[in-house]
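A look at the structure
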Amino acid sequence: MRAVTTEKTTHPVLIFWIVTGWVGFALLPWYGVEDFWFLDWLTEGWPTDSDYAPAAFLLGQGEKPWLWPLAPALLAPLALLRRRKTDPAYAYVLLAAGGFGFAWLIAQGLGIGIRGWTADWLSALFGPLEDRQYGMGYGALVVASALLFLFTQGIAARGAINGDVFVTGAIGGVIAVVTIFVFFPIAKMLGAAFITEEGGYSIPLFFAKFFDDHIWGLGCLSGTRCGVAWNSLFLAVLVGVLTTLLGLVFALVLTRSGFRFKRELRAITVLPIITPPFVIGLAIILLFGLSGAVTTWVADLIGVRPTRWVYGLPGILIAQLLAFTPIAFLVLIGVVEGVSPSMEEAAQTLRATRWQTFRTVSLPLMRPGLANAFLLGFIESMADFGNPLVLGGNYDVLSTEIFFAIVGAQYDQGRAAILSMVLLGFTLAAFYLQRFWLGKKSYTTVTGKGDSGVHPQMPRGLAIPVYTIAALWGGFTLIIYGMILYGSVVQLWGVDNTLTFKHYLTAFAVRIEDGGIRWIGSAWDSFWTTIMISTVAAPLTAAVGLITAYLLTRQDFAGKRSFEFGTMLSFAIPGTVIGVSYILAFNVPPIEITGTGLILVISFIFRNMPVGVRAGIASMSQLDRSLDESSLTLGANSWQTFRRVILPLLRPAILAALVYSFVRAMTAISAVIFLVSARYDMATSYIIGRVENNDYGLAIAYSTALIFVMLAAVGLLQLLVGRTQIGRRLAHEQGGS
Amino acid sequence: MRSIALGVSLLAFSAGAASAAGKLNLYCAAQEEWCQVMARGFEDATGIDVDMTRKSSGETFAQVKAEEANPKGDVWWGGTGDPHLQAAEEGLTEPYISPMRAELHPWAIAQAESAGDRTIGIYSGALGFGYNSDLLAANGLPEPKCWEDLTKPEFKGHVQMANPNSSGTAYTTLATMVQMFGEDGGFDYMKRLHANINQYTKSGSAPIKAAGQGETTVGIVFMHDAVAQTVAGFPVVTVAPCEGTGYEIGSMSIIAGARNMDEAKQFYDWALSAEAQNLALGVNAFQVMSNVAAQKSEFAPDLSAIKLIDYDFKKYGSSDERKRLLAKWDSDVSTLPQ
């Protein structure tokens, strides 16, 4: 193994992190600087001005003495430069220096804030502190990463994970960021469940609120209303099952049929995922509402009064199926494609009929995909906020209740926290059920050994219903989108149907003057911000997600389960809770990033990373470990194996993660509402402002424009990432994953 | 309470961007266009850069509270008065007595006095309802003129209002009924109304938007919201109920510990001037402005022609009374079968 090889020279990774640590400590501004990347600070008093000074200069000037302990932590690793990795001192020094330095950095950040000591017991212990500190900046960030990775190198040198520096570093890094950006804010928020109005803590109060009839009531069995928890659960199960079925139907049509217009079908199925919130809801109201086209037509036909039937469970269900089927589809297409034809051919050679093959071979091999698709549909439905808001009627669900517990007329953070716990409980239960169902079986079919042939067609008995469902649902999606497109070019949707382009002009007008373009449309500001934030967030999300998936499927380490749980956590919590918890956690030092674009990027990364993780896990559980092993045996290290062997085979998963995170960053709303600021306003919050102001035309026109932008972006991503041929299949062209 | 000195030192810390020209972080809780013209109007008038963030009243309150330890906003302008009063009660906002007070209507100053000068009225709007005239005709319903009309059996399933637990508008409705008919009479009215409600929406203005789109016949909202629907082209008729009605006072507060305190006060004074309040006319805001000299829109409901009750903002804006009434509504009204 690599770690045991005796090396004369120092490991380059060690040198890199030592140098990085010193750059952060002695060169970069320690505390946060507004507009860091404009580099104004370089000319405005750096390195001595205490606003811009690096830690070393602060200490040199006698300021912020609590930063002193970081110096020995950064000095100690220098002593290792000529040592061998096998030397026991190597590991111990790195563990001690990195571990102590990192812990100290966090402790001082949490302990000393903008008003000196942050807790009474600290001032009782150490006496009053006259000084204070603000949010950490790039200097602190860089030093923190250096200390963390020095620590993980120490762990590797002790022999953990076969001494693999890349894997230990990746695990350490993911744990650190997930702790900071998922556990920390959520813990802060959920703590509110135990806080009484007077500011004390109370356990009985928590139970009283938790077992409230509004949450758990079973009134619907006897004619009144059920608690929100049951409503949400019922809806989510229904959505999970139905989206998985619909997703499977489309995946089968694309991979196992002679259907001609696969590209078009694929585009249709993916449309809803790139639709900003509220738009589908509005279109459904115009079709099925009290004055909706379909409702009035049917009512006339059978001679009854139109009703408000769509408000409530039916409306939310239709909207969520439209919105979340594509996610199930994206997960399933990778898995359905990934089932190796060799197995199916083997079954057919053994005289199994097509139906038997499908039922006993193909379908069971798709289990990881089905389970993951269900889980995503379930969680998405639980956390969805826009559709229940527009179409919910009196069918209350957890996510909207949480939102209005926070922003409603009763500002009740405790109630929001309790409802979030219920929601989280359901999600976790679903997560463990899914694991239980998958069990310990192997779903590996792509092994690197001989793998050829083509997928068999679906059996006829299956093909007919599959085609019918796909056609009906595809047609329905098209009608909805037709309505939306139409809505963007009429004066006043539903009232005045004169055709006009004025909404597009208001939003996106440009003027050419002085040889330059002036963006005079009202939507441009939020448009460019949205594009920028999404473009930054997407690759980061995909990277974090896939590395996590790799660690989860390919590496064994202590605490893997809780690690997996942590990465799923932020997805399970509705955006509203994330939004408020981010404000609570990141508005004060040590990490003070509210009002910046950074907080938006970070919230997107950790909100959307789980999809990358799920897609990655689903794909990777189909790649046999012998592929990695042969690569490792041939002398590659795990980073090279990951980059050269696994990554290329993961292209469908990468694409799914990239597309999903880009699109979600452009269409997310619930978390964003709390995190946008004047300088970083997002398209969705702008659109909601228009809807609130009755400006449906402008809102829909903007949404339509966003849909086209996202379509273009998705196409571009497909080109960039490229397609992958898993196995050596030639016949019936792949759907273009 | 954070001292101004700290605010100034924070400003110095966040330097770089904050130069002598000054800037202002405005949290705006009115509609987007109104917020825009207020921000740009102040920039034109003073040369101070305005960073404006628009959110609903509830969201703004949630944000101001979450940012309590380290405020990011300077002025919170617009939105219904209750969250402003609640923020004042919790010390989230700064007391300030503007020299512009002499020019204001008495109700605007009363709002300030009831909150220890931590907030002030900038506009007011009366509660009422609106109906979709097409749907009313299609269903052969009589034209509703009074609150009492809405409880008639023929309106069953035709009336929409917001949920008082989530919407300040609906809470104003509840408090109005309690003040108009007494506590027992008020709750009795809410119970009879409950039988006709087709949906309790989450957001306050949603019922009249639904009426505009033909998704409900009647929506109980602030009258200026109903007028805005009519002006936008929807077949909505606004009604000032015959028994009289309550009203809201849209307010403005300076956030305690604001980083740009001087600019905040400058904005505060400017926003109370007739010149600034006339900007409302250009953006379809049909409220009555607090400056006596401000112009009135021809579409605006004429407050002098409406029977307004003597709404007790101090009592019904306090969180204790609010919690009591909402709990009672939850247990006595919302659980009844419809």
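Residues numbered from 1 in each chain as written. Chains lettered and ligands numbered in written order. Predicted model: local features only at pLDDT ≥ 70, side-chain atom pairs only at ≥ 80, totals over all residues.

Attention now goes to the overall build of chain A. Along chain A, the regular secondary structure elements total 32 helices and 6 strands. Expected size for 737 residues packed as a compact globule is a radius of gyration near 27 Å; at 28 Å, chain A falls within 12% of this value. Sorting the 737 residues of chain A into buried and exposed places 50% on the buried side. Look at the contacts in chain A between residues 6 or more apart in sequence, and 76% of them connect residues 24 or more apart. (Helix = DSSP H or I, 4+ residues; strand = E, 2+ residues; numbered from the N terminus. Rg over C-alpha atoms; globule rule 2.2 N^0.38 Å. Buried ≥ 20, exposed ≤ 12 C-beta atoms within 10 Å, placed from the backbone. Contact = placed C-beta atoms within 7 Å.)

Moving on to the overall build of chain B. Of the regular secondary structure elements, chain B holds 13 helices and 11 strands. Expected size for 338 residues packed as a compact globule is a radius of gyration near 20 Å; at 20 Å, chain B falls within 12% of this value. The buried share of chain B, reckoned over its 338 residues, is 57%. The long-range fraction of contacts in chain B, counting pairs at least 24 apart against all pairs at least 6 apart in sequence, stands at 78%.

Here we take up the interface of chain B and chain A. With 49 residues of chain B in contact, the opposing surface of chain A contributes 50 residues. Of all the secondary-structure elements, those providing two or more residues to the side of chain B that touches chain A are helix H2 (32-46), strand S2 (49-54), helix H3 (57-66), helix H7 (168-194), strand S7 (197-201), helix H9 (223-232) and helix H13 (319-333) of chain B. If you tally residues by element for the side of chain B that touches chain A, the top one is H3(B), at 7 residues. When the residues that make up the side of chain B that touches chain A are grouped by side-chain class, the tally is 16 nonpolar, 20 polar and 13 charged. (Nonpolar A, V, L, I, M, F, W, Y, C, P; charged D, E, K, R; others polar.)

Residue and element names in this part refer to chain A. Each assigned domain of chain A is listed with its residue range as follows: domain 1 (2-163), domain 2 (214-441 + 472-487) and domain 3 (506-511 + 513-696). Each of domain 1 and domain 3 has a C-alpha centre, and these two points are 27 Å apart. On the side of domain 3, 8 residues touch domain 1, which itself brings 11 residues to the contact. Its residues placed into classes, the side of domain 1 that touches domain 3 shows 5 nonpolar, 5 polar and 1 charged. (Domains from an automatic or database assignment.)

Here the focus is the domain arrangement of chain B. All names here are of chain B. Domain annotation of chain B identifies domain 1 (4-124 + 248-302) and domain 2 (125-246 + 318-333). At the level of secondary structure, the elements contributing two or more residues to the side of domain 1 that touches domain 2 comprise helix H4 (81-89) and strand S5 (120-132). With 4 residues, the single largest contributor to the side of domain 1 that touches domain 2 is H4. Counted by class, the side of domain 1 that touches domain 2 contains 7 nonpolar, 6 polar and 3 charged residues.

We now examine helix H11 (residues 262-270) of chain A. An α-helical turn contains 3.6 residues, so any two residues separated by three or four positions project in the same direction. Of the residues making up H11(A), those classed as buried are Ile268(A), Thr269(A) and Val270(A). Buried residues belonging to H11(A) abut helix H10 (228-255), helix H14 (313-338) and helix H21 (460-487) of chain A.

Mapped onto the fold, Asp44(B) is located in helix H2. The sequence separation of Asp44(B) and Gly78(B) amounts to 34 residues, and the corresponding C-alpha distance is 20 Å.

With that settled, consider the nonpolar core. Of all hydrophobic cores here, the largest spans 320 residues; its most connected members are Leu147(A), Val331(A), Leu332(A), Ala657(A), Tyr702(A), Met38(B) and Val75(B). Considering every element that reaches this core, the biggest residue donor is H14(A), with 16 residues. (Core = buried A, V, L, I, M, F, W, Y, C linked by C-beta atoms within 7 Å.)

Moving on to the environment of Gly191(A). If you trace the backbone, Gly191(A) turns up in the loop between helix H7 (165-190) and helix H8 (203-210). Residues Gly191(A) and Glu380(A), 189 residues apart in the sequence, show an inter-C-alpha distance of 24 Å.

Residues and elements named next belong to chain A. Taken together, the 4 bridges between strand S5 (residues 510-513) and strand S6 (residues 516-519) define a ladder with antiparallel strand orientation. Across the sheet, residue Arg 511 finds its bridge partner in S6, namely Arg 518. Here S5 folds back onto S6 in antiparallel fashion, the turn holding 2 residues, of which Asp 514 has a positive phi close to 50 degrees. (Pairing = 2+ DSSP bridges.)

This brings us to the confidence of the model for chain A. All names here are of chain A. Considering every residue of chain A, the mean pLDDT works out to 81; 92% of them sit at 70 or more. Per-element confidence in chain A is highest for H10, whose mean pLDDT is 91, and lowest for H11, whose mean pLDDT is 75. Under a pLDDT of 50 for its full length, residues 1-8 has, in the predicted model, 13 contacts with residues more than four places off or in other chains. Ignoring residues within four places in sequence, the model shows residues 727-737, a span with pLDDT below 50, making 30 contacts including any to other chains. (pLDDT = per-residue confidence, 0-100.)

The phi dihedral of Lys64(A) falls on the positive side, at around 45 degrees, and the residue is not glycine. The class for Lys64(A) is partly exposed, based on 19 C-beta atoms found within 10 Å. Positioned with a positive phi, Asn284(B) is a non-glycine residue whose angle comes to about 55 degrees. Take Asn284(B): it is sitting in the loop between helix H11 (274-277) and strand S11 (288-289).

Turning our eyes to something else, we now look at the packing of helix H17 (residues 367-383) of chain A against helix H20 (residues 413-438) of chain A. All names here are of chain A. Interhelical geometry of H17 versus H20 gives an angle of 175 degrees and a closest axis separation of 10 Å. The pairing of H17 with H20 is recorded here as roughly antiparallel in orientation. Only Leu 423, Phe 426, Thr 427, Ala 430, Phe 431, Gln 434, Trp 437 and Leu 438 of H20 make contact with H17, whose side of the interface consists of Arg 367, Pro 368, Ala 371, Phe 374, Leu 375, Phe 378, Ile 379 and Met 382. Residue composition of the contact of H17 with H20, grouped by class: 13 nonpolar, 2 polar and 1 charged. (Axes fitted to C-alpha atoms, helices over the stretch in contact; angles between N-to-C directions. Parallel < 35°, antiparallel > 145°, perpendicular 65-115°, else oblique.)

Turning our attention to the packing of helix H19 (residues 398-407) of chain A against H20(A). All names here are of chain A. As a packed pair, H19 and H20 sit with axes 8 Å apart at the nearest point and diverge in direction by 160 degrees. Accordingly, the angle class assigned to the pair H19 and H20 is roughly antiparallel. Between H19 and H20 lies a crossing of left-handed hand. Packed against H19, whose contacting residues are Leu 398, Glu 401, Ile 402, Ala 405 and Ile 406, the element H20 presents Gln 413, Arg 415, Ala 416, Leu 419, Ser 420, Val 422 and Leu 423 at the interface. Partitioning the contact of H19 with H20 into residue classes produces 8 nonpolar, 2 polar and 2 charged. (Left-handed = near helix turned anticlockwise from the far one by under 90°.)

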